[in-house]
Structures are given as C-alpha cells and as structure tokens.
Amino acid sequence: EEEVRTLNAELEERVARRTAQLESANKEIEQAHDREIEIGFRIQHTLLLDQPPQDAPGLEIAAMTIPSQRIDGDFYVFLPQPAGRLDSIVGDVMGKGIPAALLGAATKSHFLRAFSDLVLKSHNGKLPEPSDIVMTAHAELARHLIELDSFVTLIYARFDVHTRCMTLVDCGHTGIVHWHASTRSSSMIHGDNLPLGVRERELYEQFSVPFAPGDMLLFFSDGITETRNSAGELFGPDRLEEYVRAHPDLTPDELVEAVHEAVFDFSGNERLTDDLTTVAVRIREMPAPLSHAELQIDSSLCHLSEARDFVRGFCTAVPGSPLDSTGISSLELAVNEAVSNIMKHAYHGRSGQRILLEAEAFPDYLNIRLHHAGDAFRPMGAPHLPADRARESGFGTYIISRSVDDVRYYRDERGGNCVSLTKSWKPPQNSNE
C-alpha cells in the first residue's frame, strides 16, 4: 500500500511537471503568434495604408481602417499629381489575415509599377488615364489572382480640383457616398466593372463625376455595410448614406471615426467579422485664379476665329505673359480643333447651338474648358500620326493631344458636357531674385 501511494505521488508529480511544460510551451507559442501578428500589423500599416496627404490643393482627406484580425487586405494609396490633381486607390482583397495582406501589398505594387511604366511611355510625361492604369495593372495581376482563387475590389479615383471633376474606375467595389453641399442631399456613386481577377481579359471603363466646394465623398469597404446587428439586419448602404447626410458638418477626420463608432454601436459586438475601412474627402474652396474669362459662341464654323482670338487675348493678358508666341499658337490650334469637334460630333453640324469657353490661369498652368449641351463623345486616346494626313477622322484629336499637356472629357456641374484643355507653363523668374 505504501508503494502504491509512492507511485501515485510520483505519477502526480510527473503529470504536474508535464502539464507545466505544456502550459509553458503553449504560452511561448501564443507569445510568438502575438509577436508575428504585431509585426504583420506594422508591416500592413507600412505597406498597405498610405498616410493621407495634408497639403493636397483643394482637398481635405482622412482615412481609417480597423482590421478584423489585426491584419487584413484592405488598402488605400494616395498619389499627388501636378496641376491640382490627386489619384487615390481604395481596395479590398477577398479574405482575411496574412494571405489577404500579402495580396493587398502585391496589388498595390502592381498599380504603382503600372503608373510609373505608363508615365515613362507617355508623350511629354502626360498623366495616363485611370482606366489605362487599371488595365495595365490587371493584365499582370489577373492570372495570379485566378490561380489563387481570389479577387480584389477596388476604386481608382482621380480628383481634379480645378475642373471640379472626379474620374473613376470602379472595379466591383462598394460605391462612394457623395454629399452635395449646394443641395444638402446625397447620392451613391457606382460603376459597372467586375472586380480584378474575375476575368483575365476584362475591359475596365472609366467615368467622370462633377463635384463642388463643400462636397464630401466617402469611400468604404463592405465591412461597413455588411455588419449585422443582433437581429441579423445589415448596416447597409442606405443607413450609411443616411448617416453621412445627417452629419454634413463633420470634418473628414471626424466622419471616418464617427462612421466606425456608428457601425460598432449598430452591431452591439466588439468583435469584428470583417475589416472596416473608410476614406473621406472634403472639397475645399480653391484660391482665385490669376485670370478668368468667358466667351459664348454659336456652333457655326464662322465663329472659330472668335474662339482663337479669345485664346490669344486671354493668354497675352495674363500677368507676366508666361506663354510665348509659339505656346499661344499651339493652344489656339488645340481650342480650334476642340471647338470643331464639338460642332461636328456633339451638335452634328447643327448651327444655333451654344458653346461656352471658360479660361482660367493659375501660377503654373492654364486651363480652358469648352462646355456644350450636345452629345457626349470621348475619343479613345490620342491616335498615332495618321499615315494619310488627308484623312480627317482622328487627326483633330491627335493635334489637340500634341498641342496641350492634358485633355479631359466629362459631365460638368451644370449637367452638360465639357472638354477640358490644360497647358503647363513656368512663369518667368523675377529679375530681382
């Protein structure tokens, strides 16, 4: 009996030692896992989440993401561009954890490389169109995403604060809440493209949306709208839009925090089932241009000379006259061809229609916008020099693209159509400096 008690005591001691060893090993494994998660969290914030620019002209921006597993595949990118423009990418990789974060980092890398490659190949360093950037990046990404049985939803947005226009490529993302300051109303912006990685040779189309000073634009991930409460109800896009509409005076920083708090309050659960990401952009008033002028003409070819005279008179009246005679002549030519295209393609040769020319000069560039109420048309990029110079089709677009630094076609704030021509310049240095 004494031997049995001794054996039992030894066995209990061995079990206790073994239990302590297992608990210590499990604790070390948990600590190692926590360290790995913490490192991954820091890597994600370094590689996937850009800091919103604080000095973007005419824009106030805030962004926030709360991952469901401390690491996720949500990401956002901000790329400041010349002449008052900013490119922004907001994306969401299918899945969670480290695999999603790695795919997010790869997607971001492909987009940055696509942008750089297209800029290097462009004429005179012109900005590539958002749709071209998306198509180029997707061409490299699609096969890998399909092989991994994954996909990425994404919005590529280009803000142009001087033309007051946002150009978008929506790749199956959640949409954008647009609060309109002038009417104190809101709308939801959606595109029709598929997510990245669904079809290898998918075509991605861009479209443009006008905005105005005071407007707020909220980008968001599906973790926001697909959060459920205890009754199984979705937070949903309608509730999100209503929340933005009910809090129009919040700053972007305040809005992204308030939306996340509203989602947590709605769910009644501190544990997330999906990642929450929001990016808010407030449109601010821009400084007044150096010069501004307008001219309205009739859609008849006999008025082309008035358009050319308007351009020359405006350029020579800008303080300091930054453009020389050659630069003014090239801008006259671009406006002449653009007005001709409106008469031919938008109004189909009909006279008696209105074309409004609006010119503004800024310290480093000049912008001329041609507003019309005819049919929308957008030539598919600047063609190569036609082999037959006598051929009319496409040659005018080629001349325009070679005469200015940027050409845009979009719906203006009046609901009409607009052709925007931008020409950069470098004002002469003060001789006293």
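Caption draft 1: Spotlight on the overall build of the protein. Along the backbone of the protein there are 9 helices and 15 strands. Of all 433 residues assigned to the protein, the portion counted as buried reaches 49%. When the accessible area of the protein is evaluated, it comes to approximately 21,800 Å², of which 51% is carbon and sulfur surface.

Caption draft 2: Summary view of helix H2 (residues 97-121). The end-to-end C-alpha distance of H2, which contains 25 residues, comes to 37 Å, matching closely the 36 Å that a straight helix rising 1.5 Å per residue would cover. Regarding H2, the residues found buried are Gly97, Ala100, Ala101, Leu103, Gly104, Thr107, Lys108, His110, Phe111, Ala114 and Phe115.

Caption draft 3: Quick look at the pairing of strand S9 (residues 216-220). Among the 5 residues that make up S9, 5 are buried, leaving the element largely enclosed by the rest of the structure. Where S9 and strand S10 (residues 276-283) come together, 5 bridges link them in antiparallel fashion. By the bridge assignment for S10, methionine 216 is matched with arginine 282.

Caption draft 4: Representation of the side chain of arginine 408 within the structure. When you line up the elements, arginine 408 lands in strand S14 (residues 406-411). Classification of arginine 408 as buried rests on a relative accessible area of 5%. Among the polar contacts made by the side chain of arginine 408, one reaches the side chain of glutamate 129 at a distance of 3.3 Å. Within the structure, arginine 408 has its side chain in polar contact with the side chain of aspartate 406 (distance 3.2 Å). Residues within four places of arginine 408 in sequence aside, it is in contact with Arg85, Glu129, Arg158, Asp160, Thr167, Cys418, Val419 and Ser420.

Caption draft 5: Highlighting the confidence of the model for the protein. Averaged over all residues, the pLDDT of the protein is 85; the fraction at 70 or higher stands at 88%. Taken together, the stretch residues 380-393 has pLDDT below 50 and engages in 13 contacts with residues farther than four places along the chain or on a different chain. Taken together, the stretch residues 427-433 has pLDDT below 50 and engages in 4 contacts with residues farther than four places along the chain or on a different chain.

Caption draft 6: Examining the environment of histidine 372 more closely. Looking at the element boundaries, histidine 372 is found in strand S13 (residues 365-372). Along the chain, histidine 372 and tyrosine 347 lie 25 residues apart, while their C-alpha atoms are 8.8 Å from each other. In contact with histidine 372, not counting residues within four places along its chain, are Ile342, Ala346, Tyr347, Arg354, Phe377, Gly416 and Asn417. Only 3.1 Å separates the side chain of histidine 372 from the backbone nitrogen of glycine 374, close enough to count as a polar contact.

Caption draft 7: Representation of the packing of helix H7 (residues 304-317) against helix H8 (residues 325-346). At their nearest, the axes of H7 and H8 sit 9 Å apart, and the two run at 145 degrees to each other. For the crossing formed where H7 meets H8, the hand is right-handed. Here Leu304, Ala307, Arg308, Val311, Arg312, Cys315 and Thr316 of H7 lie close against H8, whose contacting residues are Ser325, Ile328, Ser329, Leu331, Glu332, Val335, Asn336, Val339, Ser340 and Met343. Tallied by class, residues from the contact of H7 with H8 come to 9 nonpolar, 5 polar and 3 charged.

Caption draft 8: Unusual backbone geometry, seen in detail. In this structure, aspartate 149 takes a positive phi of about 55 degrees despite not being glycine. Within the secondary structure, aspartate 149 sits in the loop between helix H3 (130-147) and strand S4 (152-160). A relative accessible area of 64% places aspartate 149 in the exposed class. With a phi close to 55 degrees, histidine 348 is a non-glycine residue in the positive phi region.

Parameters and conventions
Residues numbered from 1 in each chain as written. Predicted model: local features only at pLDDT ≥ 70, side-chain atom pairs only at ≥ 80, totals over all residues. Heavy atoms only, no water. Helix = DSSP H or I, 4+ residues; strand = E, 2+ residues; numbered from the N terminus. Buried < 20%, exposed > 50% of the residue type's maximum accessible area, 1.4 Å probe, protein only. Areas by Shrake-Rupley, 256 points an atom, 1.4 Å probe, with all protein chains shown as cover. Expected span 1.5 Å × (residues − 1). Pairing = 2+ DSSP bridges. Polar contact = N/O pair within 3.5 Å; in protein donor to acceptor, adjacent residues only side chain to side chain. Contact = heavy atoms within 4.5 Å. pLDDT = per-residue confidence, 0-100. Axes fitted to C-alpha atoms, helices over the stretch in contact; angles between N-to-C directions. Left-handed = near helix turned anticlockwise from the far one by under 90°. Nonpolar A, V, L, I, M, F, W, Y, C, P; charged D, E, K, R; others polar.

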